[in-house]
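# A look at the structure
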Amino acid sequence: QVQLVESGGGLVQAGGSLRLSCAASEVTVSSNPFSFNFMAWYRQAPGKEREFLARINMGHSTNYADSVKGRFTISRDNAKNTVDLQMNSLEPEDTAVYYCNTEGRVWPYTGPLRIYWGQGTQVTVSA
């Protein structure tokens, strides 16, 4: 019902910066709107579990993982249904596939909470 498309990944040197973007669009049978209560970024490095990075709600309140606090900044545009992740002071340990996701409900917003994931974008940080 919701399609998420990430962009902005690539190869950077340690200490560099990248800005990831995620655009969301809804494709449903009823065309009822989706709430997009939360939008978030995760990552998964080879051999490791998927790791939470940052989350932002409709009121723009944010939460960050300790590993990225002070270096990464999440933001969103409610009108455009986009969420960005500004990544500064990147380190080789940040190398991973980065995923965008959203959580919310379909109008009238009384049904089950739904979770959607993007396909991911590769971020590689060289030493």
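Our structure is the block above this text.
Residues numbered from 1 in each chain as written. Predicted model: local features only at pLDDT ≥ 70, side-chain atom pairs only at ≥ 80, totals over all residues. Heavy atoms only, no water.

Per the secondary structure count, the chain includes zero helices and eleven strands. Ordered by position from the N terminus, the helices and strands of the chain form the series β-β-β-β-β-β-β-β-β-β-β. Taken against the 2.2 N^0.38 rule, which gives 14 Å for 127 residues, the C-alpha radius of gyration of the chain at 15 Å falls within 12% of a compact globule. Expressed as lengths along the three principal axes of its C-alpha atoms, the size of the chain is roughly 50 × 25 × 25 Å. The burial tally for the chain puts 38% of its 127 residues in the buried class. (Helix = DSSP H or I, 4+ residues; strand = E, 2+ residues; numbered from the N terminus. Rg over C-alpha atoms; globule rule 2.2 N^0.38 Å. Buried < 20%, exposed > 50% of the residue type's maximum accessible area, 1.4 Å probe, protein only.)

With respect to topology, four strands assemble into an open sheet ordered 1-3-8-7, the strand pairing being antiparallel. Of all strands in the sheet, those bounded by a partner on one side alone are strand 1 (2-7) and strand 7 (72-77). The mean angle between the axes of side-by-side strands here comes to 15°, regardless of whether they run parallel or antiparallel. With six bridges joining them, strand 3 (residues 18-26) and strand 8 (residues 82-87) adopt antiparallel strand pairing. By the bridge assignment, arginine 19 is partnered in strand 8 with glutamine 86. (Pairing = 2+ DSSP bridges. Axes fitted to C-alpha atoms, helices over the stretch in contact; angles between N-to-C directions.)

This part takes up unusual backbone geometry. At the junction of tryptophan 107 and proline 108, the peptide bond is cis and its omega measures out at 10° in the coordinates. Positioned with a positive phi, phenylalanine 36 is a non-glycine residue whose angle comes to about 50°. Structurally, phenylalanine 36 is set in the loop between strand 3 and strand 4 (38-44). With phi around 55°, asparagine 81 is a residue other than glycine that occupies positive phi space.

Glancing now at the pairing of strand 7. Of the two faces of strand 7, the one holding Phe72, Ile74 and Arg76 is buried and the one holding Thr73, Ser75 and Asp77 is not buried anywhere. Bridging between strand 7 and strand 8 involves six bridges; their strand directions are antiparallel. By the bridge assignment, serine 75 is partnered in strand 8 with aspartate 84. In sequence, strand 7 turns back onto strand 8 through a hairpin of four residues, with asparagine 81 there showing a positive phi of about 55°.

Before going further, it helps to spend a moment on the nonpolar core. One recurring pattern in soluble globular proteins is that nonpolar side chains are buried together. Judged by nonpolar contacts, the single largest core of 30 residues is most densely connected at Trp41, Val83, Leu85, Met87 and Tyr98. Listing elements by their share of this core, those giving two or more residues are strand 1, strand 3, strand 4, strand 5 (51-57), strand 7, strand 8, strand 9 (96-104) and strand 11 (121-126). For this core, the leading source of residues is strand 3, giving four residues. Those residues in contact with valine 83, other than ones at most four positions away along the chain, are Leu20, Ser21, Cys22, Met39, Trp41, Ile56, Ile74, Ser75, Arg76 and Cys100. (Core = buried A, V, L, I, M, F, W, Y, C linked by side-chain atoms within 4.5 Å. Contact = heavy atoms within 4.5 Å.)

Purely geometric stuff here, so don't read any function into it on its own.
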